[in-house]
Amino acid sequence: MASSSSFHLCVLFVYAILVNVPTTCYGDHDHHVALFVFGDSLSDPGNNNYINTIARANFRPYGETFFKYPTGRFSDGRLITDFIAEYAKLPLIPPYKQPGNHHFINGANFASGGAGALVETNQGLVIDLKTQLRYFKHVERLLRQRLGDKDAKKLLSRAVYFFSIGSNDCMSPFLSNSSFFQSYSREEYVEMVNGNLTAVIKEIYKKGGRKFGFLNLPPWGCVPIVRALKPGNSSECWEEANALVKLHNYALSQVLQKLESQHKGFIYSISDFYTSVRERMDNPSRYGFKEGKSACCGGGLYRGISSCGGKRGIKEYQLCHNPSEYLFFDSAHPSEMANQQFAKLMWSGTPNITWPYNLKALFQI
């Protein structure tokens, strides 16, 4: 027999149909696990379409492999988080900023292309992590209003909170000729980035969040956009950039272990994105790619100039015939084929690549 709470929610559902408010009989789904996404362009399904920015991907050839039209995703098709939603038997989580998107039973995606953990990273052009947290708190209030405190608490505690953040923070000093490191040591800078991330995680924990998934940072010094801008334009990776990434990744792993030890019920999954990307760069054919260093879409050396689609100030660009043969779709973002591989590693990867839990385990706990 349904509980009174479930009955109340189903009555609410009938009422919602009458007033055209999307909702669901959440109380009937005891094992429902929502997905909340925070991050940058690796996870942005189109939030940047709705803000005043040049950091957009809402034009062709983006999106053509799967959606057949540009959605705002920085890829030829689906993102890592799209595949994770599929594996978790959830629908694609739409952009939080999308008009009419008020149905958050399955979660929400706040990610914004170009965003960082630091407010100063691409300030004024992105939805920074602090603002993404503010949006989440708004969703949390809405869920409590719609479901009641008991069922909202259940949803929030069972949900998985996914983060892909830090890349723009770590790369902006290299891509913008910044003198930032004249004011801060690299260790101090990494501490600031991870400090902001930690503060957001703690706020979500206060709201009931317990299960967190993370990608560490890829070898940005080897990504086409950074290779193309490296002083001297040699074929080697920009190891100074990779050194900062490694410093960040080590600090992030320490932060997560500390959070786990200090916060009851806090569990997490972190995937070694650095190693996963580097292996595919160095041995593309082993993973089904023909090209691991140059992008499918872009201009210049390694197609590392961010001109894919010709809408970012530079009209000239080259486009490959088959994006699935490339590790990178554009100068900074993986192809759908690569995103699917990375998502599988996060979902069911073994502890040598995804630890201490994989995402499948987090969704089942």
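Preceding this section is the structure that the text describes.
This structure is a prediction, so every number in the text was calculated from the model and none was measured. (Residues numbered from 1 in each chain as written. Predicted model: local features only at pLDDT ≥ 70, side-chain atom pairs only at ≥ 80, totals over all residues. Heavy atoms only, no water.)

**Some points on the pattern of salt bridges**
Here's step 1: Summed over the entire model, instances satisfying the criterion amount to 13 salt bridges.
Here's step 2: Ionic pairing is found between R73 and D82, a salt bridge with its closest N-O pair at 2.7 Å.
Here's step 3: On the basis of relative accessible area, D82 is assigned to the buried category, the value being 4%.
Here's step 4: A salt bridge links D149 to R144, with the shortest nitrogen-to-oxygen separation between them at 3.7 Å.
Here's step 5: Residue class for R144 comes out partly exposed when judged on its relative accessible area of 25%.
Here's step 6: Several salt bridges share partner residues, and in doing so they unite E140, R144, D149 and K207 into one network. (Salt bridge = Lys/Arg side-chain N within 4 Å of Asp/Glu carboxyl O. Buried < 20%, exposed > 50% of the residue type's maximum accessible area, 1.4 Å probe, protein only.)

**Describing unusual backbone geometry**
Here's step 1: Put simply, R60 and P61 share a cis peptide bond, and its omega is 15°.
Here's step 2: Here P61 shows up in the loop between β1 (35–39) and α2 (80–87).
Here's step 3: With a phi close to 60°, K89 is a non-glycine residue in the positive phi region.
Here's step 4: Structurally, K89 can be placed in the loop between α2 and β2 (107–109).
Here's step 5: K89 gets classed as exposed once you look at its relative accessible area, which sits at 76%. (Helix = DSSP H or I, 4+ residues; strand = E, 2+ residues; numbered from the N terminus.)

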